Amino acid sequence: GDEYYGFGCVQQAGAFAVGAFNDGCGNIGNPQPQVSITSPTNGSWLASPASGTVVVSTWDAVGNVPRVDYYVNGNWLATTQSAPFSLPFGGVGPG
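1. Overview of the overall build of the chain
- The secondary structure content of the chain amounts to 0 helices and 7 strands.
- Put simply, the chain runs from its N terminus to its C terminus through helices and strands in the order β-β-β-β-β-β-β.
- The proportion of buried residues among the 95 residues of the chain is 20%.
- Summarising the internal contacts of the chain: among those between residues at least 6 apart in sequence, 44% fall at separations of at least 24.

2. Details of the pattern of salt bridges
- With the rule as written, the count across this model stands at 1 salt bridge.
- Its salt-bridge partner being R67, residue D69 comes within 3.0 Å of it at the nearest N-O pair.
- Judged by relative accessible area, D69 falls into the partly exposed class, the value being 27%.

3. A short note on the side chain of T80
- Considering the arrangement of structural elements, one finds T80 in strand β6 (residues 75-80).
- Polar side-chain contacts of T80 include one of 3.1 Å to the side chain of Y70.

4. Re the confidence of the model for the chain
- For the chain, per-residue confidence averages 74 on the pLDDT scale, and residues scoring 70 or more make up 67% of the total.
- Here strand β1 (residues 20-22) is the element of the chain with the lowest mean pLDDT, 48, and strand β4 (residues 50-59) is the one with the highest, 90.
- Within the model, pLDDT remains below 50 along residues 1-11, and this stretch shows 31 contacts once partners closer than five positions in the same chain are excluded.
- Scored below 50 in pLDDT, residues 16-21 shows 18 contacts in the model against residues more than four places distant or in partner chains.

5. As for the nonpolar core
- Membership of the largest hydrophobic core is limited to 7 residues, which are V56, V65, V68, Y70, A78, F85 and L87.
- Secondary structure elements with two or more residues in this core: β5 (68-72) and β7 (85-92).
- With sequence-adjacent residues up to four places away left out, V65 is seen in contact with P33, T58, W59, D60 and F85.

About the thresholds
- Residues numbered from 1 in each chain as written.
- Predicted model: local features only at pLDDT ≥ 70, side-chain atom pairs only at ≥ 80, totals over all residues.
- Heavy atoms only, no water.
- Helix = DSSP H or I, 4+ residues; strand = E, 2+ residues; numbered from the N terminus.
- Buried < 20%, exposed > 50% of the residue type's maximum accessible area, 1.4 Å probe, protein only.
- Contact = heavy atoms within 4.5 Å.
- Salt bridge = Lys/Arg side-chain N within 4 Å of Asp/Glu carboxyl O.
- Polar contact = N/O pair within 3.5 Å; in protein donor to acceptor, adjacent residues only side chain to side chain.
- pLDDT = per-residue confidence, 0-100.
- Core = buried A, V, L, I, M, F, W, Y, C linked by side-chain atoms within 4.5 Å.

Below, the structure is given as structure tokens:
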């Protein structure tokens with residue numbers, strides 16, 4: 001398995017890095033957009049070959065989130081550019 005979705009178990013906590021904007025001069029700005037996987041639910045197990053839809057919810061203090069990029073094991077997979085953000089998947093093997 002990988003560090004985010006080990007052995008077919010959805011582990012949402014490690015899937016996102018979110019923090020506040022810092023311009024490098026000590027000025028903290030608006031917080032970055034918040035992102036969470038709403039489906040499949042955290043801790044759910046998917047039988048191989050797995051299929052379904054990854055659904056992502058977003059929030060931004062200063063506007064709309066324009067897109068969501070999806071990565072698997074650090075490699076870019078796809079981008080969706082309109083809410084509600086979702087990406088179907090199928091034929092996913094173990095790990």
